[in-house]
Amino acid sequence: MSPATTPPPVIAARELRFSIGETVAIGPLDLTVPAGAMVGIVGETGSGKSLMCRALTGLLPSIGGSLDGGSLRFEGEELAGADARRWASARRGRIGFMPQASLSSLNPVRRIGAQMRETLRLTGSRSRGACDRRAAELLALVRLRDVPRVLRSYPHELSGGMRQRVMLALALVGEPRLLVADEPTTALDATIQAEVLQLLRQVQERSGMSVVIVSHDLRSLSSVCDTIVVMYAGRVVESGPTATVLARPSHPYTRGLLASDPALTPRGTPLRAIEGRPLPADEWGAPGCRFAPRCGFATADCTTTDPPPEPTAPGTQAACLHWKEVVGA
Amino acid sequence: MAVGIAIVAAIALLSVFAPAIAGDGPDRLIGAPLQAPSGEHWFGTDALGRDVFVRTFVAARVDYLVAIFGTLFSLIVGTTLGTLVAMARRPVWGKLLMRVTDGLIAVPFNLLILVIVLGFGTERDVLGLPKGLPGVLVAVIVVGWSIYARLARAEAMTLRQREFVGAARLMGFSKRRIVGRHILPTVILTTGTYAVADTVMVIGLLAGLPFLGAGVLPPTPEWGTMMFEGRGVLESAWWVVVFPAAALVATAIAISLIADGLLDRLGAGEEAGR
Amino acid sequence: MSEQRSIALDAREVTVSYARGAPAIAGVSLAIPAGAAVGIVGESGSGKSTLARVLVGERAPTAGEARVFGRRWSEVGRRDRERRAVQMVFQDPYGALNPRMTPLETVAEAVEVVRGQPRRAALAAAEELLDHVGLGGAVVTRRPRSLSGGQRQRVVIARALACEPEVLVADEPTSALDVSVQAQILNLLLRLRRERELTLVLISHDIAVVEHLTDEVVVMLNGGVVESGPVERVLTDPHEPYTRRLVDAFHMRATPPAVRTDSPIEEQR
């Protein structure tokens with residue numbers, strides 16, 4: 001592919017700031033989602049990752065949040081400050097969204113087929129026959145067997161894994177350029193998690209769209225994503241290619257997440273847990289690095305300066321004053 | 001909520017001290033009948049020449065008495081029964097309770113109370129209480145407990161499933177301790193809050209009884225009776241009806257405020273989840 | 001006599017069924033030796049939680065027998081030492097504590113009732129226990145609603161320890177917790193096991209957790225045991241197809257996509 005025709009990044013966010021309510025303010029942060037890439041955003045509860053999903057898809061107002069500043073370009077088009085209508089037209093056919101908690105995102109009193117038809121009609125008027133055919137195509141795309149049965153079922157009659165596949169099918173209706181998935185595997189069993197993630201990867205490779213997956217599970221994301229973005233207490237603390245971030249984490253939090261994973265630690269030896277607990281949103285206003293209270297590398301300047309992101313390796317950035325020590329340790 | 005408590009407290013205090021303040025008894029014929037409110041009789045006099053001010057507040061004794069005791073006993077009986085049934089091992093008790101309360105609730109409240117009151121008779125003299133009062137009290141309790149029992153049972157059954165109750169069993173806690181210290185306190189918070197609001201219903205019921213031909217017998221002052229007796233002269237001597245009515249409404253509002261306040265506290269007190 | 005002491009918990013051909021539908025567990029037999037660390041792995045619906053509850057004597061089986069240190073659970077009274085000896089840590093830290101009692105009160109009550117100590121001594125013992133599990137200071141006098149998931153879970157563990165148990169059964173103890181806190185609780189369980197020589201039964205849907213804390217693993221599916229054996233063996237050489245899927249998922253999580261050779265994705269069953 002000649003360099004001249006490299007497509008613009010699907011998402012380019014610079015100094016983006018958004019908030020919900022009085023206390024929760026996320027950013028400023030930078031994020032780039034290249035075309036055809038699969039990006040994983042890792043964060044615990046309260047890190048702001050779910051809000052990030054909604055910020056990227058223009059859905060903040062629907063939960064009472066707002067974009068407060070910075071630039072957000074979708075395929076080159078500036079959308080920060082766009083009103084609901086512009087967002088809606090930007091989204092239609094171009095952005096797909098898989099919300100969390102499939103059981104509460106699907107209408108419990110309507111059959112799957114009816115719900116899919118409803119969404120399909122919104123992306124172009126279709127006859128019932130055409131809708132059903134397209135629905136069947138999509139369900140097959142997400143590897144659901146016995147499509148007629150699924151179309152006839154109510155959400156509660158399907159297993160968690162099957163519901164996630166239906167949510168994915170719904171998100172793919174408009175053949176989007178970008179798919180944002182908010183915790184697609186939480187509450188699923190380990191084996192099903194692996195399958196759903198693999199499915200996302202396969203769909204992504206086949207269609208060339210970009211995918212952003214938000215999750216609290218770094219390990220799972222690293223098995224299917226090209227790039228990892230680590231969030232903590234409303235900030236992006238590290239981002240870079242998966243292999244680099246895993247092998248050579250440059251932020252203490254990332255390092256802590258990896259070190260505390262039982263899958264990585266030899267049996268019987270204590271896990272190197274991160275002390276303390278995630279910083280609640282009402283304490284985000286204090287000066288200094290938000291991770292400092294829990295950080296083994298923290299020094300006095302960490303409590304006064306909020307570290308800006310710095311390049312720590314090709315394509316990788318970390319927001320830590322002591323990243324060199326973190327890498328060397 | 002503080003406002004509510006203040007109003008109720010004020011009325012209650014006055015109910016005790018009104019005769020002393022006004023210098024008259026509720027039954028004494030001290031003035032000319034149907035006199036408008038004046039410096040001497042702040043709320044005027046009624047058809048028999050009794051001071052309306054004194055009567056209004058002394059009536060509060062009756063209304064409050066029935067409201068408090070009626071609700072209290074319903075609450076205690078209902079909550080205990082409901083909780084015990086919920087904790088029972090065999091489901092048959094639960095079904096029995098539900099059917100019985102179904103029956104009681106299905107019959108219109110007023111009808112049931114009327115039947116019991118009239119059945120009890122108004123001539124009986126019980127503990128020196130005003131005539132007719134015991135009948136009403138019994139009626140309120142017999143009808144009222146069923147709602148509390150159902151509420152209590154529902155709440156207790158939910159609590160029973162919670163893991164801290166399971167943990168208590170695993171640790172070998174006695175059933176008495178589990179019910180008494182872990183289940184009942186939370187249950188009674190729910191039913192208790194309902195009870196506070198329920199007192200208004202009870203007063204309303206009591207006040208409505210005279211219009212159905214039952215209720216506390218004269219000369220005992222009671223808001224309902226006063227309004228009933230004064231209905232004929234409403235146009236000419238409005239004070240005979242308006243003041244007791246106002247007292248009743250004030251009480252109702254005050255209790256609603258208290259109940260609201262309690263609910264807010266309760267909502268904040270219960271665990272908020274994640 | 002001493003042979004009976006060597007098997008802590010024992011389920012023999014246990015079946016638990018509800019009014020309708022398939023039984024939660026059917027004909028399951030499992031023996032937990034005293035001092036062992038055993039993991040039970042399975043997805044939701046596999047019956048692992050039900051089995052746990054049968055093993056701890058919380059639930060009577062519809063068929064079959066469950067024993068504790070050789071005695072049938074049905075014969076154990078609530079004041080017997082066998083009852084105290086087996087305690088549980090639950091999945092949902094939010095439901096496992098009485099919302100109206102502070103951590104201190106919760107643990108002190110356990111000490112009072114189970115150890116029979118007077119109130120004052122019980123409070124002191126409770127404070128010590130809470131401190132031992134990492135909860136000290138003002139936190140122990142706050143209501144559960146202002147504690148984090150990790151803190152609540154520590155209270156649950158302290159309460160269990162108040163009974164001076166010999167066996168600890170942990171049902172998904174970290175599933176509801178933040179990632180950075182999970183390791184803390186797992187470390188705590190590991191440390192307590194060593195300190196007090198506890199028998200540990202760990203139930204999880206995540207084989208990574210089980211692999212880290214236990215020596216033997218039991219794999220459950222649809223109400224029955226499909227495979228069991230030493231953890232290392234099961235992870236390197238799974239016999240059954242379902243076990244293989246579990247193990248594959250575990251290994252896949254630990255490798256970035258570039259390095260891995262993708263296996264074709266299975267169709268949804």
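Everything below is about the structure printed above this text.
The shown structure was predicted, so the numbers you read here are calculated from the model rather than taken from an experiment.

Q: Is there a simple way to explain the overall build of chain A in this structure?
A: For chain A, the count of helices and strands is twelve helices and twelve strands. Since a compact globule built from 329 residues should have a radius of gyration of about 20 Å, the 20 Å found for chain A is in line with a globular shape. Taken along its principal axes, the extent of the C-alpha atoms in chain A is 65 × 50 × 45 Å. In chain A, which comprises 329 residues, the proportion classed as buried is 55%. Pairs at least 24 apart in sequence give 62% of the contacts found in chain A among residues at least 6 apart. Accessible surface for chain A amounts to roughly 13,600 Å². Of this, 54% is attributable to carbon and sulfur atoms. Of the side chains in chain A, 37 bear a positive and 31 a negative charge, and the two mean positions are spaced by 8 Å.

Q: For this particular structure, what's the right way to read the pattern of salt bridges?
A: All names here are of chain C. Applying the stated rule across the entire model yields 40 salt bridges over all chains. Across the pair Glu65 and Arg12 runs a salt bridge whose closest N-O atoms are separated by 4.0 Å. Taken together, the positions of Glu65 in strand 4 (residues 63–68) and Arg12 in strand 1 (residues 7–16) put the pair 53 residues apart, joining distant regions of the chain. Of the residues examined, Arg12 reaches a relative accessible area of 39% and is grouped as partly exposed.

Q: I tried to follow the interface of chain B and chain C on my own but got confused; where do I start?
A: Where interface size is quoted, it is often the accessible area lost as the parts come together. Taken together, the contact pairs 23 residues of chain B with 29 residues of chain C. With both sides pooled, the region where chain B packs onto chain C buries about 2,400 Å², and carbon together with sulfur makes up 53% of that total. Connecting chain B to chain C are four salt bridges. Note that Glu58(C) and Arg169(B) form a salt bridge whose closest N and O atoms lie 3.7 Å from each other. At the boundary of chain B and chain C, one finds nine residue pairs in polar contact (both at pLDDT 80 or more). The greatest single-element share of the side of chain B that touches chain C, amounting to six residues, is contributed by helix 6 (residues 163–170) of chain B. A class-by-class count of the residues in the side of chain B that touches chain C yields eight nonpolar, seven polar and eight charged.

Q: What is the right way to look at a nonpolar patch on the surface in this model?
A: Residues Leu65(B), Ile68(B), Phe69(B), Leu72(B), Phe73(B) and Ile76(B) make up a contiguous nonpolar surface patch of roughly 500 Å² in combined accessible area. Along the chain, the position of Phe69(B) falls in helix 2 (residues 52–87).

Q: Just to check I follow, could you spell out the packing of helix 6 of chain B against helix 7 (residues 175–208) of chain B for this structure?
A: Each pair of packed helices can be described by the angle between their axes along with the distance between the axes. Residue and element names in this part refer to chain B. Across the interface, helix 6 lies against helix 7 with an axial gap of 11 Å and an inter-helix angle of 155°. Classed by the angle they form, the pair helix 6 and helix 7 counts as roughly antiparallel. As helix 6 packs across helix 7, the resulting crossing turns out to be right-handed. When helix 6 is examined against helix 7, the residues Phe164, Val165, Ala168 and Arg169 are found in contact with a partner set consisting of Ile178, His182 and Ile183.

Q: Is there a simple way to think about the environment of Glu195(A) in this case?
A: All names here are of chain A. Summarising the element assignment, Glu195 is placed in helix 8 (residues 190–207). Classification of Glu195 as buried rests on a relative accessible area of 10%. Distance in space between the C-alpha atoms of Glu195 and Thr305 is 43 Å, their sequence separation being 110 residues.

Q: What should I look at first to understand the packing of aromatic side chains in this one?
A: The geometry of an aromatic ring pair comes down to the distance between the two centres and the angle between the two planes. As enumerated under the stated definition, the model contains ten aromatic pairs over all chains in all. Their ring planes at 75° and their centres at 5.6 Å tell us that Tyr148(B) and Tyr194(B) sit as a pair that is edge-to-face. Of the two residues, Tyr148(B) sits in helix 5 (residues 133–161) while Tyr194(B) sits in helix 7, which places them 46 residues apart along the sequence. In this structure Tyr194(B) comes out as partly exposed when scored by relative accessible area, which is 34%. Connected via pairs of aromatic rings, a cluster forms that spans Tyr232(A), Tyr253(A) and Phe291(A). Sitting over the ring of Phe228(B), Arg231(B) keeps its end group 4.2 Å from the ring centre. Geometry around Phe69(C) places Arg81(C) over its ring, the cationic atom sitting 5.9 Å from the centre.

Q: What's the story with unusual backbone geometry in this structure? I'm lost.
A: In this structure, Arg143(A) is a non-glycine residue whose phi angle is positive, near 60°. In this structure, Arg143(A) sits in the loop between helix 5 (128–141) and helix 6 (147–152). Judged by relative accessible area, Arg143(A) falls into the partly exposed class, the value being 22%. One non-glycine residue, Phe69(C), adopts positive backbone phi at about 45°. A relative accessible area of 7% means that Phe69(C) is categorised as buried.

Q: Quick question: what am I supposed to make of the sheet that holds strand 9 (residues 216–221) of chain C here?
A: In a beta sheet, neighbouring strands are held together by backbone hydrogen bonds and run either parallel or antiparallel to one another. Residues and elements named next belong to chain C. Taken in spatial order, the six strands of this open sheet run 6-7-8-3-9-10, and their pairing is mixed. Looking at strand neighbours, the two that pair on one side only are strand 6 (86–89) and strand 10 (224–230), the edges of this open sheet. Neighbour-to-neighbour, the strand axes of this sheet turn through a mean angle of 15°, independent of strand direction. Relative to strand 8 (residues 199–204), strand 3 (residues 37–41) is paired through five bridges, and the arrangement is parallel.

Q: How should the layout of surface pockets be read in this particular structure?
A: Gaps between atoms show up when a probe of the same size as a water molecule is rolled over them. Of the voids in this model, the second largest pocket is the one considered here, and its volume is about 1,400 Å³. Lining the second largest pocket are 43 residues, with Arg89(B), Arg160(B), Arg169(B), Glu58(C) and Arg59(C) positioned closest to its centre. Listed by contribution, the elements that provide at least two residues to the lining of the second largest pocket are helix 2, helix 3 (91–106), helix 5, helix 6 and helix 7 of chain B together with helix 2 (48–55) and strand 4 of chain C. In terms of residue count, the dominant contributor to the lining of the second largest pocket is helix 6 of chain B (five residues). For the lining of the second largest pocket, the class distribution of residues is 17 nonpolar, ten polar and 16 charged.

Rules of the game
- Residues numbered from 1 in each chain as written.
- Chains lettered and ligands numbered in written order.
- Predicted model: local features only at pLDDT ≥ 70, side-chain atom pairs only at ≥ 80, totals over all residues.
- Heavy atoms only, no water.
- Helix = DSSP H or I, 4+ residues; strand = E, 2+ residues; numbered from the N terminus.
- Rg over C-alpha atoms; globule rule 2.2 N^0.38 Å.
- Buried < 20%, exposed > 50% of the residue type's maximum accessible area, 1.4 Å probe, protein only.
- Contact = heavy atoms within 4.5 Å.
- Areas by Shrake-Rupley, 256 points an atom, 1.4 Å probe, with all protein chains shown as cover.
- Lys, Arg positive; Asp, Glu negative; His and termini not counted.
- Charge placed at Lys NZ, Arg CZ, Asp CG, Glu CD.
- Salt bridge = Lys/Arg side-chain N within 4 Å of Asp/Glu carboxyl O.
- Buried area = accessible area lost by both parts, 1.4 Å probe.
- Polar contact = N/O pair within 3.5 Å; in protein donor to acceptor, adjacent residues only side chain to side chain.
- Nonpolar A, V, L, I, M, F, W, Y, C, P; charged D, E, K, R; others polar.
- Patch = residues over 30% accessible without salt bridge, like charges linked within 9 Å, V, L, I, M, F, W, Y side chains within 5 Å.
- Axes fitted to C-alpha atoms, helices over the stretch in contact; angles between N-to-C directions.
- Parallel < 35°, antiparallel > 145°, perpendicular 65-115°, else oblique.
- Left-handed = near helix turned anticlockwise from the far one by under 90°.
- Phe/Tyr/Trp six-rings, centres within 6.5 Å; stacked < 30°, edge-to-face > 60°.
- Lys NZ or Arg CZ within 6 Å of the ring centre and 35° of its normal.
- Pairing = 2+ DSSP bridges.
- 1 Å grid on protein atoms, 1.4 Å probe; cavity = no way out; pocket = protein on both sides within 12 Å on 5 of 7 lines; lining within 4 Å.
- Points joined across faces, edges and corners; volume = space filled by probe spheres on them.

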